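Below, each chain spelled out in residue letters.
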Amino acid sequence: MKKLSFFLVALTAVLGLSSCEDEKKPVFHEADASKFEVYEPALQNQYYELTTNGTLEIVVKSAPDYGAPMGPTTYGAVVSLDPSFANTAEVSAENNSSRIMLKESEISEAICKLSGLTKDDAGYVFPGTVKVYLKATCEIASIPGSKVTTSNYCTLNKVMPYFAIPSPNFIYLVGQPEGWSGPSPSNVEHYSAWRLFEKDEEIGSNVYYGTFQVNQGEAMFRFYTTLTNWDTDSYGAQTDDNPVDETLDANNAWSGKIMAGKGAFNFPTWPGGLMTICVDLNAMTISVAPAEAE
């Protein structure tokens, strides 16, 4: 009987410890948005001109209460041009603090998008200041659905934006198809027809696409990110300035690696016609194929 009693006491102690451990584990709960607020900027009525390198600060009264520390929080903001926030754009913060630092370039980009501007409006100049409404956001990156937005908003009443719609980046094809004219500043107009572009929905991806007329016997080229000189910003099949023969498959397609260097790609069996090229300068890969196969 005594042995059984000792066993029960020990089991109860273990269960009690387990219960205490469970109580110590942080428990996530959704933050109460009504208690998450942003201060009005002290200089909200001051003329504020956005710049490409500037930062803008908004401050929240306190961090959202998620019940317990659950991991690093990420702040940001929601931008609107009307207090109803019917149309919005989100921007990220440069820091993880309740004093939220926002890039002015991203604020200006958000204003342009909310104003209906596109890349085709390049050069547009705003006729005057605009009123900008801002809400702060916070979330725990590791917990889906944890994002909370401030229950109120702050305003900047005299903001002067600039045209900030990003355009796709591009690189240049230099080689036999265009006549080896040379990657120099004086040939910018010539090479405007020999550019590979990022897709509109992939701006900043560093992946470039282009389709070009490449005649039989002329499928030799490499790529340049700038038109500075022969030796700068060149990408090809190898470092040395010698072409490398590549073998097309039965569909006249090929894919492989690309590297910084001046060794041109050469496709001796290319039959001629439109060639589609994809250059990925993140993965450092390249692929070619007949355009009609794309």
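Since the structure is predicted, the reported quantities are computational estimates derived from the model, not experimental observations.

Caption draft 1: Looking closely at the nonpolar core. Judged by nonpolar contacts, the single largest core of 37 residues is most densely connected at I58, I100, L102, I107, I111 and L134. Looking at this core, the elements that each hand over two or more residues are β2 (55-59), β3 (73-80), β4 (89-92), β5 (99-103), α2 (104-114), β6 (130-140) and β8 (154-160). In terms of residues, this core owes the most to one element, β6, which gives six residues. Formed by 28 residues, the second largest nonpolar core is a distinct cluster that contains Y172, W194, L227 and A237.

Caption draft 2: Representation of the pattern of salt bridges. Following the criterion strictly, the structure yields nine salt bridges and no others. The closest approach of N and O atoms between K61 and E37, which form a salt bridge, is 3.4 Å. A residue pair is termed long-range when its members are at least 10 positions apart, and K61 in the loop between β2 and β3 and E37 in the loop between α1 (2-24) and β1 (48-49) qualify at 24 residues. The salt bridge involving K262 is made with D231; its shortest N-O contact spans 2.6 Å.

Caption draft 3: Molecular detail of the pairing of strand β18 (residues 273-280). β18 sits mainly inside the fold: seven of its eight residues count as buried. Here strand β11 (residues 207-214) runs beside β18; their pairing, made up of eight bridges, is antiparallel. Bridge pairing in β18 links F212 to M275. Strand direction decides the pairing type here: β18 and strand β19 (residues 285-290), joined by six bridges, are antiparallel. Paired with I277 across the two strands is V288, which belongs to β19.

Caption draft 4: Just the packing of aromatic side chains, in detail. Taken as a whole and assessed by the stated rule, the structure comprises 13 aromatic pairs. When the ring of Y133 is compared with that of Y153, the centres are 5.4 Å apart and the planes differ by 80°; the resulting orientation is edge-to-face. On the criterion of sequence distance, the pair formed by Y133 in strand β6 and Y153 in the loop between β7 (148-149) and β8 is long-range, its members being 20 residues apart. The class for Y153 is partly exposed, based on a relative accessible area of 31%. Judged by centre distance (5.4 Å) and plane angle (65°), the ring pair of W254 and F267 falls under edge-to-face.

Definitions and limits used
- Residues numbered from 1 in each chain as written.
- Predicted model: local features only at pLDDT ≥ 70, side-chain atom pairs only at ≥ 80, totals over all residues.
- Heavy atoms only, no water.
- Core = buried A, V, L, I, M, F, W, Y, C linked by side-chain atoms within 4.5 Å.
- Buried < 20%, exposed > 50% of the residue type's maximum accessible area, 1.4 Å probe, protein only.
- Helix = DSSP H or I, 4+ residues; strand = E, 2+ residues; numbered from the N terminus.
- Salt bridge = Lys/Arg side-chain N within 4 Å of Asp/Glu carboxyl O.
- Pairing = 2+ DSSP bridges.
- Phe/Tyr/Trp six-rings, centres within 6.5 Å; stacked < 30°, edge-to-face > 60°.

That is the geometry; function is a separate question.
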